[in-house]
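# Descriptive analysis of the structure
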Amino acid sequence: GGDGTNGLELARRHPGLRVTVFDQEIVVRLATARIDDPDLRRRVAFQAGDMFADPLPQGADAILYLHIFEIWSLERNIELLRKCHAALAPGGACLVYNICSDDEGTGSLTAGLVSPYFLTLASGEGMAYSPADMEHAVRAAGFSRVERHDDLGLSHALVIGRK
């Protein structure tokens, strides 16, 4: 979602790729206005919706769940990841990429500094979770094949769940 930066860049780099950016209506309007390339206009679609209330676009090969996990509680993330699982085509992948703590919950300094923001200002329920928490949520959402990549720099991790 967001302003489409990730989706647009992926579409630019991969000419055969079709992308759907899903976000709130006002965000979708702003993101749509950013595209002036006719080829990108054909391959990048925008769908307005509320990720909690509305169904996600169906049949995707992949869903990018980037910098969403740290905003919400583990329970809410599992709920959203179940929606991702349901929306994916068979064999599809959900890529969960976020800032994170270590598995013990004692570091990094970055995780300690951003967690109060997510807990108090962003949503009142989030924090920088550990890669183990991310992996648990992906599995709890129904993904059977899960791979985890820790230490991606800047206190980030990637967990990929395949349907």
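Along each chain, the written sequence defines residue order, and numbers are assigned to residues from 1. Restriction of local features to residues with pLDDT of at least 70 applies here, the model being predicted, together with a cutoff of 80 or more for giving and counting side-chain atom pairs; totals for whole chains, interfaces and linings are based on all residues. Excluding hydrogens and water, the side-chain values take into account all heavy atoms of the structure.

## Thoughts on the packing of helix α4 (residues 74-87) against helix α6 (residues 131-140)
Axis separation between α4 and α6 bottoms out at 8 Å; the angle between their running directions is 45°. Taken together, the axes of α4 and α6 are oblique relative to one another. As for how α4 packs across α6, the hand of that crossing is right-handed. On α6, the residues touching Leu74, Ile78, Leu81 and Arg82 of α4 are Asp133, His136, Ala137, Val138 and Ala140. When the residues that make up the contact of α4 with α6 are grouped by side-chain class, the tally is 6 nonpolar, 1 polar and 2 charged. Axis angles are defined between N-to-C directions and span 0 to 180 degrees, where every axis is a line fitted to C-alpha atoms and, for a helix, only to the segment in contact. Only DSSP runs of H or I covering at least 4 residues are called helices, and only runs of E covering at least 2 are called strands; the numbering of each starts at the N terminus. Each angle gets one of four labels, with under 35 degrees taken as roughly parallel, over 145 as roughly antiparallel, 65 to 115 as roughly perpendicular, and the rest as oblique. Working rule for handedness: look at the near helix, and if it is turned counterclockwise from the far one by less than a right angle, call the crossing left-handed; if clockwise, right-handed. What makes two residues a contact is simply this: any of their non-hydrogen atoms within 4.5 Å. Residues are grouped as follows: Ala, Val, Leu, Ile, Met, Phe, Trp, Tyr, Cys and Pro are nonpolar; Asp, Glu, Lys and Arg are charged; every other residue, Gly included, is polar.

## What about the nonpolar core?
By convention a nonpolar core is built from buried Ala, Val, Leu, Ile, Met, Phe, Trp, Tyr and Cys residues, the set being connected through side-chain atoms within 4.5 Å. Three exposure classes are used, based on accessible area relative to the maximum for each residue type with a 1.4 Å probe and protein chains only: buried under 20%, partly exposed in between, and exposed over 50%. Among the nonpolar cores identified, the biggest contains 25 residues, and Tyr65, Phe69, Leu81, Cys94 and Val96 are the most heavily contacted of them. Those elements giving two or more residues to this core turn out to be β3 (60-66), α4, β4 (88-99), α6 and β6 (156-162). Per-element accounting of this core gives the leading share, 5 residues, to α4. Beyond its immediate chain neighbours, meaning those up to four positions away, leucine 81 contacts Tyr65, Phe69, Cys94, Val96, Ala137, Val138, Ala141 and Phe143.

## Brief notes about the state of the cysteines
Cysteine sulfur atoms that come within 2.5 Å of each other are treated as a disulfide pair. Inspection of every chain in the model, using the stated rule, returns 0 disulfides. Considering cysteine sulfurs only, cysteine 94 is the nearest to cysteine 84, which forms no disulfide, with 4.2 Å between them.

## Some details on the pattern of salt bridges
Close approach of charged atoms allows side chains of opposite charge to pair. In what follows, salt bridge is the name for a side-chain nitrogen of Lys or Arg lying within 4 Å of a carboxyl oxygen of Asp or Glu. With the rule as written, the count across this model stands at 12 salt bridges. A salt bridge links glutamate 25 to arginine 29; the nearest nitrogen and oxygen atoms lie 3.2 Å apart. Here the residue glutamate 25 and the residue arginine 29 both occupy positions in helix α2 (residues 25-32), the gap between them amounting to 4 residues, near one helical turn. A residue is classified by how much of its surface remains accessible, and glutamate 25, at 51% relative accessible area, is exposed. Judged by relative accessible area, arginine 29 falls into the partly exposed class, the value being 49%. Between arginine 148 and aspartate 103 there is a salt bridge, with the nearest N and O atoms lying 2.4 Å from each other. Placement of arginine 148 in strand β5 (residues 145-149) and of aspartate 103 in the loop between β4 and α5 (109-122) is noted, with a sequence separation of 45 residues between them. A residue is classified by how much of its surface remains accessible, and arginine 148, at 27% relative accessible area, is partly exposed. Residue class for aspartate 103 comes out partly exposed when judged on its relative accessible area of 36%. A single salt-bridge network, built from bridges that share partners, covers Asp103, Glu135, Arg139, Arg148 and Asp150.

## Topic: a nonpolar patch on the surface
Residues with no salt bridge and a relative accessible area higher than 30% make up the patches, which join like charges within 9 Å and nonpolar side chains (Val, Leu, Ile, Met, Phe, Trp, Tyr) within 5 Å. All accessibility values rest on the Shrake-Rupley procedure with a 1.4 Å probe; residue burial counts only the protein chains present in the view. Where nonpolar side chains cluster on the molecular surface, the patch consists of Leu10, Leu17 and Leu64 and spans about 200 Å² of accessible area. By the secondary structure assignment, leucine 64 is in strand β3.

## What about the environment of proline 38?
Within the secondary structure, proline 38 sits in helix α3 (residues 38-43). The exposure class assigned to proline 38 is exposed, which follows from its relative accessible area of 53%. The spatial distance from the C-alpha of proline 38 to the C-alpha of glycine 142 is 38 Å, given a sequence separation of 104 residues.

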